[in-house]
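Spelled out from the first residue to the last, the chains are:
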Amino acid sequence: MNQLSYKQLIALPVIIVILLIIYSSYLMSRQLEEYARFSHQEDQLLTLNHAVHYLENHGTTANIIQQINTISQITGKRLTLINLQGEVLADSALKQEEAEALENHGQRPEVLSVIQNLNSIGISWRYSNTLKTNLLYTTKSLQINNSTLLLRVAMPQTEVYQNLSIYRTLFYISGTIALLIVTGTGLLIAKYINRRIEEEHQVLERKVQERTQEISALNDISALFSACTDYEELYLILTSSCQQLFPKASGALAIYHSSKALFTNVTSWNLNNSTTHHTFSHDSCWALKVGRPYYKKINAIGCAHNTDHQLAANQLCIPLTARGETLGLLQLYSDEHNYLELNRTTLSTLGENLSLALAGLILLDELRTQALHDPLTGLFNRRHLDEALKSEVSPAKRNNTQLATMMIDADHFKRYNDIHGHDAGDYVLQALSKSILEILRSEDIACRYGGEEFVILLPQTSQQDSIEIAKRLRRVTRNTSLQFKGKTLPNLSLSIGITIFPTDSATENNILKQADAAMYHAKQHGRDQIVCYGDIQT
Ligand SMILES: Nc1nc2c(ncn2[C@@H]2O[C@H](COP(=O)(O)OP(=O)(O)OP(=O)(O)O)[C@@H](O)[C@H]2O)c(=O)[nH]1
């Protein structure tokens, strides 16, 4: 629908106001006429009363006609003296002989009513045949020298209408002024409303534009999030996006470590560096406790994890969850009044996108772990061993250090399975893997090579040191008590082959062959022993 102009908007109310004014003018005019007639009648009755009173006190039969004429001159009204038979005795508007020649007034309504009741006052608005004009007649009885007479006062109605026309003129002038004021005010109000609507419209348009830009920016961020292949990339995009989209806010991202049941800040922006690496528990955040975003206004209760930013006016914590699991916490701080509140929807959407991205990375991690690990023992698998060999040989070559490779095989494992069952075999392989991990350093790499065979890469390790490690492993394996389904299982013996790069002239391609050859040699010579490839070559 086309927008109406403010003139169109006020046209209908103005027409209604004008009609109302015309109608009320008509009513008012009638009221004014009533009022004018009433006030003139009152005025005339006052004159009549005064005249009667005066004549009763000062009038005599001899001077009555003169008195009437005098009063008429003073008041400007016509006075007529009539007897109870209706005969006119005197009239201030006529000569005495003309007055006496007048027809009997006994049937005039204002006279007749007083003749019938001497205490009453006769009033009549009518046409005067004598004066040829409309008059207001009022009549009252009076006592002069013990005789009862009637005094009639008359006044032309033209006076009434003169006053009425003054009243009307005043009314129309004030009405026109009022109409002009009302119309002018209406126009101004309509103009003001129209301007406000226009402003509101512009504000809305601006908001829609901003929201569209925000949505587009969020889409871009979401696309970048989903393209991330590692956490560092994700943190970088989050930090730069938040700084760009919400320049008046600072913030941090914490990741949940289920193993420790703790959150650790992994990145932050516009905050001091101590925020990153800050660790806190689930209970120290209201958002985590209630399971939905928590917005803290100024002076409200803040979260306990927010130790450095307790003074920030506003704080918004958004739990990051996916498939019902808590993955992390997005924290935002701002000293700008209402800033976070105004951007809450966008920040929540950002939080949702971030949750999805984190869930994607966790899944990717799980897939990577599955792809590179052996499901039974949790050690690296053969695929990872190939990669690890390449990445360990290079630094050994570059730094001229030794890389020890150990091939471990459980002795007579087939028999073990046959006697104690496949499940017990699995259990023993898991126990052996645990023992291997226990004796290794963090930089060592343990892999399940296949079946009951294991390979360990020991960077920067000499033959002597690797023999010590192998001995320790055999000792631990021998001494570990194996309890399975209420039974104590016998311990395994191990045959271990060792080769040292580059001492044993091994190359990247034959390290495993040499370790296998040494292990095979151990098998051939009675099992349960450690053989170094270098020793069987000499
Ligand atoms: N329980 C269990 N057994 C496995 C697994 N992988 C391989 N094996 C068994 O390990 C046994 C290996 O047998 P062999 O290669 O003959 O070797 P061995 O019996 O250990 O004899 P030597 O190596 O000569 O001492 C086979 O019976 C396989 O079935 C596994 O994941 N779990």
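Just so it is clear, the model here is predicted, and its values are computed rather than measured. (Residues numbered from 1 in each chain as written. Predicted model: local features only at pLDDT ≥ 70, side-chain atom pairs only at ≥ 80, totals over all residues. Heavy atoms only, no water.)

What am I meant to see in the packing of helix α5 (residues 158-227) against helix α9 (residues 344-372) here?
How two helices pack is summed up by the angle between their axes together with the distance between the axes. Close contact between α5 and α9 brings their axes to 10 Å; oriented N to C, the two are set at 15°. It follows from the interaxial angle that α5 and α9 lie roughly parallel. Considering the relative orientation of α5 and α9, their crossing is right-handed. On α9, the residues that touch R211, E214, L218, I221, S222 and F225 of α5 are T345, T346, T349, L350, N353, L354 and A357. In terms of residue class, the contact of α5 with α9 is made up of six nonpolar, five polar and two charged. (Axes fitted to C-alpha atoms, helices over the stretch in contact; angles between N-to-C directions. Helix = DSSP H or I, 4+ residues; strand = E, 2+ residues; numbered from the N terminus. Parallel < 35°, antiparallel > 145°, perpendicular 65-115°, else oblique. Left-handed = near helix turned anticlockwise from the far one by under 90°. Contact = heavy atoms within 4.5 Å. Nonpolar A, V, L, I, M, F, W, Y, C, P; charged D, E, K, R; others polar.)

Before we go on, may I ask you to explain the pattern of salt bridges in this structure?
Here the idea is simple: oppositely charged side chains can pair when their charged atoms come close. In the structure shown here, the tally under the stated rule is 20 salt bridges. Between D423 and K485 there is a salt bridge, with its nearest N and O atoms 3.7 Å apart. Here the residue D423 occupies a position in helix α12 (residues 422-439), and K485 occupies one in the loop between β15 (482-484) and β16 (487-489), the gap between them amounting to 62 residues. The exposure class assigned to D423 is partly exposed, which follows from its relative accessible area of 45%. Residues R474 and D528 are paired through a salt bridge, measuring 2.7 Å at the closest nitrogen-oxygen approach. With a gap of 54 residues between them, R474 in helix α13 (residues 463-479) and D528 in the loop between α14 (511-524) and β18 (530-532) connect regions that are remote in the sequence. (Salt bridge = Lys/Arg side-chain N within 4 Å of Asp/Glu carboxyl O. Buried < 20%, exposed > 50% of the residue type's maximum accessible area, 1.4 Å probe, protein only.)

Any chance you could explain the sheet that holds strand β14 (residues 453-459) here in plain terms?
Two strands in a sheet stick together by hydrogen bonds in their backbones, pointing the same way (parallel) or opposite ways (antiparallel). The sheet built from five strands is open, its strands ordered β13-β14-β12-β17-β18 with mixed pairing. Each edge of the sheet is formed by a strand with only one pairing partner; in this case those strands are β13 (445-450) and β18. Direction aside, the axes of adjacent strands within the sheet are offset by 20° on average. Pairing of strand β17 (residues 494-501) with β18 involves three bridges; the strand directions are parallel. Among the inter-strand pairings, I498 is bridged to a residue of β18, identified as C532. The strands touched by helix α10 (residues 382-399) are β12 (403-410), β13, β14 and β17; relative to β13, the strand with the most contacts, the crossing angle is about 135°. (Pairing = 2+ DSSP bridges.)

Honestly, the site of the ligand in this entry has me stumped. Any pointers?
Around the ligand, 17 residues are found, and the nearest of them are H412, F413, N417, D426 and R448. Here an oxygen atom of the ligand and a backbone polar atom of H412 are 2.7 Å apart. Separating an oxygen atom of the ligand from a backbone N or O atom of F413 is a distance of 2.7 Å. Residue contributions to the shell around the ligand peak at four residues, all from α12. (Near = heavy atom within 4 Å. Polar contact = N/O pair within 3.5 Å; in protein donor to acceptor, adjacent residues only side chain to side chain.)

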